[in-house]
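Single-letter residue listing:
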Amino acid sequence: MSGVRTVTVAPGEGDQRLDRWLRRRFPQITQGRIEKGCRKGEIRIDGARAKASARVEEGQQVRVPPLPEAAAPAPARPSVPEADARMMRDAVLWQDAHVIALNKPPGLPTQGGTGQGGRHVDALAEALAEGGEKPRLVHRLDKDTSGVLLLARTRTVAKGLTEAFRARSARKIYWAAVAGVPSPRMGTVRWGLVKAPGRQGERMNVVHPREIDATPGAQRATTDYAVIEALAQRAAWCALVPVTGRTHQLRAHMAALGHPVVGDGKYGGSGQENLGDGWGAQMGPEVGRRLHLHARSIAFDHPVTGGRVTVTAPLPPHMTATWDLFGWDAAEAPADPFEEAP
């Protein structure tokens, strides 16, 4: 058993719960022991009693009661298969000592979950650790959505990027092929979103703006869209900006307009009325079987240097093939169609 000690919260360890900080510092301590120590006043922050849920900040002094000696060293961090490690390294679009920007391939989940197994970006990020901490996710993309995904190399940088997304100072632009051609060709969708009831999986229903406040669980959601180019009235190449960041927001909003994303089996099924038959049934199986939604670019203020960083991701192979088929040239598109608009 160790004696009573006073431990300083180190740089980079601030803004987290006391119990989580303790478990990271002392893996041998249990949650029950932490809560008991807080109740009895054995665990204190700067001399004052504290709950397990209290937040610690850099420089604070935490009183730690006697603890059992640490157990055997933790097992080695899981290794990533070489093929997956090479895939992750090849997916890096831009990086520095603080941030990594990936071009996430379609079909690779961002995080684990029901039916996802252990192969996802969060697990495979170990391949990019370079001897330090495993890079941390700061936002996510749907499994079948490709494009720019940011990871932070430290907890402090992750906090800064998360705050940038929350404050909407980071700007994300997606590209999508959608059924038909939206009219007007530029606009804003403000339908709310609420989780679908029952066993419908992770699916969102749209809610009229006037009904959001009266609908339990509904959240306000805003999407800007702009048509970049059209294929007659059958399909359109759209730029989409998620002003808010709700689950499946872009897919649900475009389907609500009657112009679902091509290849979207969840929101663009055969019951959806639209001019372009947007689930791709009349565009050929090679087009209609894959989701055509891509996180084209992210612009953000660097949480350490303060400089503005813009990262752009090339289209995945299946979308490149569709663009070639439809005669659309990615190189001719404006970086931000909303800024270019008269």
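Residues numbered from 1 in each chain as written. Predicted model: local features only at pLDDT ≥ 70, side-chain atom pairs only at ≥ 80, totals over all residues. Heavy atoms only, no water.

1. Structural notes on the nonpolar core
Part 1: Ranked by internal contacts, the top residues of the largest apolar core, which has 31 residues, are Leu 102, Val 121, Leu 151, Tyr 174, Val 178, Leu 240 and Leu 293.
Part 2: Of the domains in this structure, domain 2 (82-167) and domain 3 (172-326) are the two that each give at least three residues to this core.
Part 3: Setting aside chain neighbours within four positions, we find Leu 293 in contact with Asp 144, Thr 145, Ser 146, Tyr 174, Trp 175, Ala 176, Leu 240, Leu 250, Arg 251, Val 261 and Met 319. (Core = buried A, V, L, I, M, F, W, Y, C linked by side-chain atoms within 4.5 Å. Buried < 20%, exposed > 50% of the residue type's maximum accessible area, 1.4 Å probe, protein only. Domains from an automatic or database assignment. Contact = heavy atoms within 4.5 Å.)

2. A closer look at the packing of aromatic side chains
Part 1: Scanning all chains against the criterion turns up 6 aromatic pairs.
Part 2: Note on Trp 94 and Phe 300: the rings are 6.4 Å apart at their centroids and 75° apart in plane angle, and the pair reads as edge-to-face. Of this pair, Trp 94 sits in strand 7 (residues 92-95) while Phe 300 sits in strand 17 (residues 293-301), placing them 206 residues apart in sequence.
Part 3: Residue classification places Phe 300 among the buried positions, given a relative accessible area of 1%. (Phe/Tyr/Trp six-rings, centres within 6.5 Å; stacked < 30°, edge-to-face > 60°. Helix = DSSP H or I, 4+ residues; strand = E, 2+ residues; numbered from the N terminus.)

3. Quick notes on the sheet that holds strand 6 (residues 61-64)
Part 1: The antiparallel open sheet is built from 4 strands, whose spatial order is 1-6-3-4. Two strands bound the open sheet, and with one partner strand each, they are strand 1 (5-8) and strand 4 (48-49).
Part 2: In the sheet, strand 3 (residues 44-45) pairs with strand 6 via 2 bridges, with the strands oriented antiparallel. Bridge pairing in strand 6 places Arg 44 opposite Arg 63. (Pairing = 2+ DSSP bridges.)

4. Let's talk about the environment of Thr 162
Part 1: Position of Thr 162 relative to the elements: it lies in helix 5 (residues 155-166).
Part 2: On a C-alpha basis, the gap between Thr 162 and His 139 in space is 7.5 Å, while along the polypeptide they are 23 residues apart.

5. A short note on the layout of surface pockets
Part 1: The computed volume of the largest pocket comes to approximately 900 Å³.
Part 2: In terms of lining residues, the largest pocket is bounded by 30 residues, among which His 139, Lys 172, Thr 244, Gly 245 and Arg 246 are the most central.
Part 3: When residues of the lining of the largest pocket are traced back to their parent elements, those giving at least two are helix 5, strand 11 (171-179), strand 16 (235-242) and helix 6 (249-256).
Part 4: Sort the elements by how many residues they give to the lining of the largest pocket and helix 5 lands first, with 4 residues.
Part 5: By residue class, the composition of the lining of the largest pocket is 12 nonpolar, 9 polar and 9 charged.
Part 6: When residues are assigned to domains, the lining of the largest pocket turns out to be shared by domain 2 (82-167) and domain 3 (172-326), each giving three or more. (1 Å grid on protein atoms, 1.4 Å probe; cavity = no way out; pocket = protein on both sides within 12 Å on 5 of 7 lines; lining within 4 Å. Points joined across faces, edges and corners; volume = space filled by probe spheres on them. Nonpolar A, V, L, I, M, F, W, Y, C, P; charged D, E, K, R; others polar.)

6. Topic: the UniProt feature "active site" (unreviewed entry) in the chain
Part 1: Sites flagged by UniProt as "active site" (unreviewed entry) map to Asp 142.
Part 2: Turning to its location among the elements, Asp 142 is positioned in the loop between strand 9 (136-137) and strand 10 (146-152).
Part 3: Under the relative-accessibility criterion, Asp 142 is labelled buried at 15%.
Part 4: Aside from chain neighbours lying at most four places away, what touches Asp 142 is Lys 104, His 248 and Arg 251. (UniProt positions renumbered as here; feature names shortened; annotations may be inferred.)

7. A closer look at the pairing of strand 15 (residues 223-231)
Part 1: As paired elements, strand 12 (residues 186-189) and strand 15 share 4 bridges and run antiparallel to each other. What sits directly across from Val 189, in strand 15, is Thr 223.
Part 2: Of the strand pairs in this sheet, strand 15 and strand 16 are connected by 8 bridges, and their pairing is antiparallel. Directly across from Thr 223, in strand 16, lies its bridge partner Pro 242.
Part 3: Taking the residues between adjacent antiparallel strands as the criterion, strand 15 and strand 16 are bridged by 3 residues, where Ala 232 takes a positive phi near 50°.

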